[in-house]
Amino acid sequence: MIRRPPRSTLFPYTTLFRSRMRNFQPRWTDSFGFVEADGRALCVLCQETVIKRTYSVQRHFQTIHSKYFKDEAEKKAAILRAVVSYNSQRSAGEKTTAASAAAKEEKDYATETSFTLSLCISEKGKPFTEGEFIKNTFVACAETLFDDFPNKDEILTRIKDIPASARTMQRRISEMASDVRNQQTANLVNCDVFSVAMQDTVDGTDVRRLTVFVRYVAAGRIHEDLCYQKVAEKPMTGDDILNGFIQHFDQRGVNISKIASVMTDNSSCLADKPGGFVRLLQEKVKHVVISCPCIIRQEDLCTQISNGELKLVMDTVVKIVNLITSRPTNVHDKFQELLNEVERAHGELSPRSNVRWLGNGEVLDRFIANLEEIRHLFGEKWQTYPELWNDFWLLKLAFLADLVGHLNDLNSRLQGKGQTVEVLYEQWKLFTSKLGVFRRDIQIGAFRYFVHVRKFATAKGTPIDVQVLDGCMAALEQAFYERFQELQRLGSMFSFVVRADEFLDIDLNPLFLSWMGGDNLEMELLELKVSDLWCSKFRELRKSLENQEDKPEREAAILECWTSLPDKFANMKKVALALLTVFGSTNCAEQTMTYMKHSFNPLRCRLSTSNSETSARLKLTNYKPNLKKLCTEINSQGSH
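Residues numbered from 1 in each chain as written. Predicted model: local features only at pLDDT ≥ 70, side-chain atom pairs only at ≥ 80, totals over all residues. Heavy atoms only, no water.

A look at the pairing of strand 2 (residues 40-43)
Part 1 of the argument: Sheet topology places strand 1 (residues 34-37) next to strand 2; 4 bridges connect them, and they run antiparallel. Bridge pairing links Glu36 to Ala41 in strand 2.
Part 2 of the argument: Following strand 1, the chain reverses through 2 residues before pairing antiparallel with strand 2; Asp38 in that reversal takes a positive phi of roughly 55 degrees.
Part 3 of the argument: As defined by bridge partners, strand 2 adjoins strand 3 (residues 49-50) across 2 bridges and the pair is classed as antiparallel. Across the sheet, residue Ala41 finds its bridge partner in strand 3, namely Val50. (Pairing = 2+ DSSP bridges. Helix = DSSP H or I, 4+ residues; strand = E, 2+ residues; numbered from the N terminus.)

In structure tokens, the structure reads:
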């Protein structure tokens, strides 16, 4: 019996044999009309393929094609013609493929440019129809700008291929807003804790909107972005706001029990009181939520002072200013002529919007500076304001101008992104202390901090009844303490983010910490205090913050310090991140009002609710849409 050798001894020879026999042989082309294509032998006569083996190609030719040729010369001539035809077709196909790829690449450039154009339109609050205008302007300028370029026609063609119709701009903005929303959702789902700021606002088209901002830590940085807007077709209650809030976050898969704080504009439906949103939210999530009203709502504060008399003064000033600057034209022109005659250096009055009081300081200052000219104008006009000659009204005007100036100073300190909650608490403490100094200044009649009142008293030449002004200051002090009780109660805890090494256990609020699972927090705090390494880290942090004026960099330095701590301080880190998410400024609210007032103008805005929200989302966020990804997901098309 002949025994077959083991497979292991045959394998090298078999592999070598097969590899040699299955390589394409050039002689197959002349003898049988085969070429190599995609790893197989392709017959150029009938376009069929066989495996690369001499027996297979020979059998295919003899079985199918050999009978059609009379002699060898005819066979070779037919094979030659077929090979030439195949090579020409393959070359044309490669050129077509390359041309298609080039065209696709040009289309991708045009599409990405279209996205960039729509992003600029959205961020600047321009109408969607501006896209076509910008494109046409670009084409007109390119005729001259690229006149000496050899590829000028190619450049112009590429510009003209940019899709820029109003409908295209709307789609691009919607797609980018969806991409930004998805990025935000992914980070909200994965973050440990977040806070929200809510504001009930009215845009330029008199549409009431509930605007919700969210603040959280993700990817090593603190995000503060627009979360959503909801149009209020009727007056909203706390239940309505809560239901919409829960529905929104449930749709995005975000657990609302991770919420740490809420900043509101102190409207009745949002406030922390029975039936208000904050109180209902705490009942829903079953833990304490830090509630802080927007620290600057000047109209609210002035309404509470002196039974709202100061607000009436401001309303009168607004009517006069808007009358002069808005209607009729001859009144405004005559007032400007009067200013030119007396050569006033203060300039024209600034028109005042009735939505927000942020510009009141400048309006009141200019009004007082031009008071004599205003009196002269209205003294000879058909419409008069007797208050302009009433000493008591003028005293309240001077006091209001000084008071609004102090409030605006506080507001300016709280503007800008990157403001942390301990700075908010420090500024609140500072201003409440200033109120005591202001009140004593009024009581003694020195008016060192009330410049307009001092000038009025000097011009009047008679003593001023300071009791009225003292009563206004007392009411303002009381309003500040009542509105910010939560800030006063939890304020000592806010220093934890920068003074953890000096923090006292008694300053920890157990109700706020209980839902975070911070049972071992005191032990972690003790361990940190006895470690020179970690204590020195916070001392270095405070030293670096002393000369740090850039608020985002200051915020980033605090976050970096906490993220560098090891996991054995996990509870402390969670508490610090929760406190860092608390809104420390009114920047988001004022940013929203500025954008909505400019963009949603009744004379130029016809945006639907969804389009207005997508435009606002791109403007009021730090996220950047992934344009490369969006370009690959859509089918590019030229403009039409």
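Quick look at the pattern of salt bridges
Part 1 of the argument: If you walk through the whole model with that rule in mind, you get 21 salt bridges.
Part 2 of the argument: Here Glu143 makes a salt bridge to Lys152, at a shortest N to O gap of 3.3 Å.
Part 3 of the argument: The class for Glu143 is partly exposed, based on a relative accessible area of 34%.
Part 4 of the argument: Under the relative-accessibility criterion, Lys152 is labelled buried at 16%.
Part 5 of the argument: Note that Asp147 and Lys152 form a salt bridge whose closest N and O atoms lie 3.2 Å from each other.
Part 6 of the argument: Accessibility expressed as a relative area gives 51% for Asp147, which makes it exposed. (Salt bridge = Lys/Arg side-chain N within 4 Å of Asp/Glu carboxyl O. Buried < 20%, exposed > 50% of the residue type's maximum accessible area, 1.4 Å probe, protein only.)

Thoughts on the sheet that holds strand 5 (residues 208-218)
Pairing between the strands of a sheet comes from backbone hydrogen bonds, and it takes one of two forms, parallel or antiparallel.
Part 1 of the argument: Strand order in this open sheet of 5 strands is 6-5-4-7-8, and the pairing throughout is mixed. Each end of this open sheet is capped by a strand with a single partner; those strands are strand 6 (221-231) and strand 8 (290-293). Within the sheet, the average angular offset between the axes of one strand and its neighbour, ignoring direction, is 20 degrees.
Part 2 of the argument: The strands touched by helix 24 (residues 570-581) are strand 4 (194-202), strand 5, strand 6 and strand 7 (259-264); relative to strand 5, the strand with the most contacts, the crossing angle is about 150 degrees. (Axes fitted to C-alpha atoms, helices over the stretch in contact; angles between N-to-C directions. Contact = heavy atoms within 4.5 Å.)

A closer look at the state of the cysteines
Part 1 of the argument: Counted by the stated rule, this structure contains 0 disulfides.
Part 2 of the argument: Take Cys46: it sits in no disulfide, and the sulfur closest to it among the cysteines is that of Cys43, at 3.7 Å. (Disulfide = S-S within 2.5 Å.)

Notes on helix 23 (residues 551-563)
An α-helix turns once per 3.6 residues; consequently, residues spaced three or four apart project the same way.
Part 1 of the argument: The terminal C-alpha atoms of helix 23 lie 18 Å apart, and with 13 residues this matches the ideal 18 Å at 1.5 Å per residue to within 8%.
Part 2 of the argument: Inspection of helix 23 places Arg554, Glu555, Ile558, Leu559, Cys561 and Trp562 among the buried residues, and these make up the whole buried set. The buried residues of helix 23 occupy an angular sector of 160 degrees when projected down its axis, which confines them to one face.
Part 3 of the argument: Looking at the buried side of helix 23, the elements it contacts are strand 5, strand 6, helix 16 (421-443), helix 22 (532-546) and helix 24. (Expected span 1.5 Å × (residues − 1). Arc of directions from axis to C-beta.)

Overview of unusual backbone geometry
Part 1 of the argument: Backbone geometry at Ala219 places phi at a positive 55 degrees, although glycine is not the residue there.
Part 2 of the argument: Among the structural elements, Ala219 can be located in the loop between strand 5 and strand 6.
Part 3 of the argument: Owing to a relative accessible area of 78%, Ala219 belongs among the exposed residues under this scheme.
Part 4 of the argument: Not every positive phi belongs to a glycine, and Lys286 is a case in point at roughly 60 degrees.
Part 5 of the argument: In this structure, Lys286 sits in the loop between helix 9 (277-285) and strand 8.

Focus: the packing of helix 15 (residues 391-413) against helix 17 (residues 451-460)
Part 1 of the argument: Where helix 15 meets helix 17, the axes come as close as 7 Å, and the angle between the chain directions of the two elements is 150 degrees. By the criterion of interaxial angle, the relationship of helix 15 to helix 17 is roughly antiparallel. On helix 17, the residues that touch Asp391, Leu394, Leu395, Ala398, Phe399, Ala401 and Asp402 of helix 15 are Val451, His452, Val453, Phe456 and Lys460.
Part 2 of the argument: Partitioning the contact of helix 15 with helix 17 into residue classes produces 8 nonpolar, 1 polar and 3 charged. (Parallel < 35°, antiparallel > 145°, perpendicular 65-115°, else oblique. Nonpolar A, V, L, I, M, F, W, Y, C, P; charged D, E, K, R; others polar.)

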